[in-house]
Amino acid sequence: MSKIEKAQAEYEKFTEEFESIIISTVNEQGIPNASYTPFVIDDTKNIYIYVSGLSTHTKNIYDHPHVSILFIEDEGKTKQIFARRRLTFDCNATLLERETEQWNQIVEQFQERFGEIIEMLRSLPDFRIFQLTPTEGRFVIGFGAAYHISGDNLNQLTLITE
């Protein structure tokens, strides 16, 4: 198996290691905010987050729907702290309307993944579901092993050489 084939296989399974993502947003003044949120992901790599309307990152998404997300290897599992495996996506956020067919399908996925807490969250009117659609990304698995991911084909890695 070639280096790119190994990287591709690792990329295809990488997000399965996580139940939450780190999310970066900016407010009206352009001040960044880093946070985290549990997520579900679909087959086309759209990421869905179920967040409180009272949270800073939700308010920021309404103001600026461009979001950066990060999946990063646990420090305790990494071989080299300077080269932790990580996947970032730049995304466009879209609010899903409550009680639509798509909203209900995504809530069911959250229920399957996270259990009864979702029943309680579902009853809270301030909770929102956003679809985060990746426009591009980067997958890093070590020194000299960084790959670009194009929004045109989120399933294909391209080695970054410069």
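A brief report on the enclosed structure follows.

The rules we used
- Residues numbered from 1 in each chain as written.
- Predicted model: local features only at pLDDT ≥ 70, side-chain atom pairs only at ≥ 80, totals over all residues.
- Heavy atoms only, no water.
- Helix = DSSP H or I, 4+ residues; strand = E, 2+ residues; numbered from the N terminus.
- Polar contact = N/O pair within 3.5 Å; in protein donor to acceptor, adjacent residues only side chain to side chain.
- Expected span 1.5 Å × (residues − 1).
- Buried < 20%, exposed > 50% of the residue type's maximum accessible area, 1.4 Å probe, protein only.
- Arc of directions from axis to C-beta.
- Contact = heavy atoms within 4.5 Å.

Concerning the side chain of His57
Phase 1: Among the secondary structure elements, His57 is positioned in helix α2 (residues 56-63).
Phase 2: At a separation of 3.4 Å, a polar atom in the side chain of His57 contacts the side chain of Ser55.

Quick look at helix α3 (residues 101-114)
Phase 1: The end-to-end C-alpha separation of α3 is 20 Å, in line with the 20 Å expected for 14 residues at 1.5 Å each.
Phase 2: Along α3, the residues classified as buried are Trp103, Ile106, Val107, Phe110 and Gln111. When α3 is viewed along its axis, its buried side chains cluster within an angular range of 150° and face the same direction. Looking at α3, the residues exposed on the side facing more than 90 degrees away from the buried face are Glu101 and Glu112.
Phase 3: Of the surrounding secondary structure, the elements contacted by the buried residues of α3 are β2 (32-41), β3 (47-52), β5 (86-96), α4 (117-122) and β6 (127-142).
Phase 4: In the stretch just after α3, Gly115 is the one whose phi turns positive, near 85°.

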